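Below, each chain spelled out in residue letters.
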Amino acid sequence: WRVVELGCGLGLPASAAAAVGAAHVMCADLDAAVTEAATSSAQLNARGGTRVEAGVLDWTSPEAWPERAFDLALGADILYQEAFPPAVAATLAQVLAAGGRALLADPEARPNRGAFAEACAAHGLRCEEEACKGDGAIVILRVARGSESSAGGPRAV
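Remember, it's a predicted structure, so these values are computed and weren't measured experimentally.

(A) Structural context of the packing of aromatic side chains. One pass over the full model with this rule turns up two aromatic pairs. Ring geometry for W59 against F84: centres 5.3 Å apart, planes inclined by 90°, an arrangement best described as edge-to-face. Linking W59 in the loop between β3 (51–56) and β4 (70–76) with F84 in helix α3 (residues 84–95), this pair joins segments that are 25 residues apart in sequence. Per residue, the accessibility class of W59 equals that of F84, and both read buried. Seen in terms of ring centroids, Y80 and F84 are 5.2 Å apart; in terms of plane orientation they differ by 80°. Their pairing is edge-to-face. Residue class for F84 comes out buried when judged on its relative accessible area of 12%. Each member of the aromatic cluster is reached from another via a ring pair, and the members are W59, Y80 and F84.

(B) The arrangement of the sheet that holds strand β7 (residues 138–145) in detail. On the basis of which strands lie adjacent, the open sheet formed by seven strands has the order β3-β2-β1-β4-β5-β7-β6 and mixed pairing. What marks the edges here is a single partner per strand, and that holds for β3 and β6 (125–131). Within this sheet the neighbouring strands show an average axis-to-axis angle of 20°, counted without direction. As paired elements, strand β2 (residues 24–29) and β3 share six bridges and run parallel to each other. Note on β3: the bridge partner recorded for V25 is V52. Seen against the sheet, helix α4 (residues 113–122) touches β5 (96–107), β6 and β7 and runs at an angle of roughly 150° to β6.

(C) Quick peek at the pattern of salt bridges. Under the defined criterion, the tally for this structure stands at seven salt bridges. One salt bridge connects R2 with D71, and the closest N-O pair in it is separated by 2.9 Å. One end of the pair, R2, is in strand β1 (residues 2–6); the other, D71, is in strand β4, and 69 residues separate them in sequence. Note that E128 and R126 form a salt bridge whose closest N and O atoms lie 2.7 Å from each other. Classification of E128 by relative accessible area gives partly exposed; the value is 21%. What you see here is one network of salt bridges that share partners, running through D106, R113 and E129.

(D) Seen up close, unusual backbone geometry. Positive phi, close to 45°, is recorded for R68, a residue that is not glycine. Assessed through its relative accessible area of 43%, R68 is described here as partly exposed. Even without a glycine there, the phi angle at D77 is positive, about 55°. The exposure class of D77 is partly exposed, given its relative accessible area of 29%.

(E) Expanded view of the packing of helix α1 (residues 12–19) against helix α2 (residues 32–45). Look at α1 against α2: their axes get within 8 Å of each other, and the N-to-C directions meet at 25°. Classified by the interaxial angle, the pair formed by α1 and α2 is roughly parallel. Along this stretch, α1 crosses α2, giving a crossing that reads as right-handed. Taking contact as the criterion, the partners of A14, S15, A18 and A19 in α1 are, on α2, S41, A42 and N45. Per-class residue counts for the contact of α1 with α2 are four nonpolar, three polar and no charged.

Each value, and the rule that gives it
Residues numbered from 1 in each chain as written. Predicted model: local features only at pLDDT ≥ 70, side-chain atom pairs only at ≥ 80, totals over all residues. Heavy atoms only, no water. Phe/Tyr/Trp six-rings, centres within 6.5 Å; stacked < 30°, edge-to-face > 60°. Helix = DSSP H or I, 4+ residues; strand = E, 2+ residues; numbered from the N terminus. Buried < 20%, exposed > 50% of the residue type's maximum accessible area, 1.4 Å probe, protein only. Pairing = 2+ DSSP bridges. Axes fitted to C-alpha atoms, helices over the stretch in contact; angles between N-to-C directions. Contact = heavy atoms within 4.5 Å. Salt bridge = Lys/Arg side-chain N within 4 Å of Asp/Glu carboxyl O. Parallel < 35°, antiparallel > 145°, perpendicular 65-115°, else oblique. Left-handed = near helix turned anticlockwise from the far one by under 90°. Nonpolar A, V, L, I, M, F, W, Y, C, P; charged D, E, K, R; others polar.

Shown next, in the form of structure tokens:
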């Protein structure tokens, strides 16, 4: 499976995907230094055969992202600015392969999940929310294409 981490920061989800044997992992962020560090970490954790690469990409320019190239998109706390929900939804519509899924972790207190769900629907994506168990006050957003259930595919809660 092919995985992209949006707004990769330290790249922990990308490193975890590489460690469990994803075929291809992309650490994507707007900052080249960030993607280089995250990519190095993912490469250190990768199983043999996993291709790890950096992507200096901006989700406000989704047309610059690879088209339908990923089976799983991961992200954490990336909807914090008002302009980000529609941009992230457009990016997911661009990068998710047929049958692809996205898992985004968002702090419960953030106000932009409703706008994100609306933007997903406008791009033919289905978005479901699930409260994360524990004390972290985190919501998991599961995204899938169209009428596909977002509950299938890789699961990480």
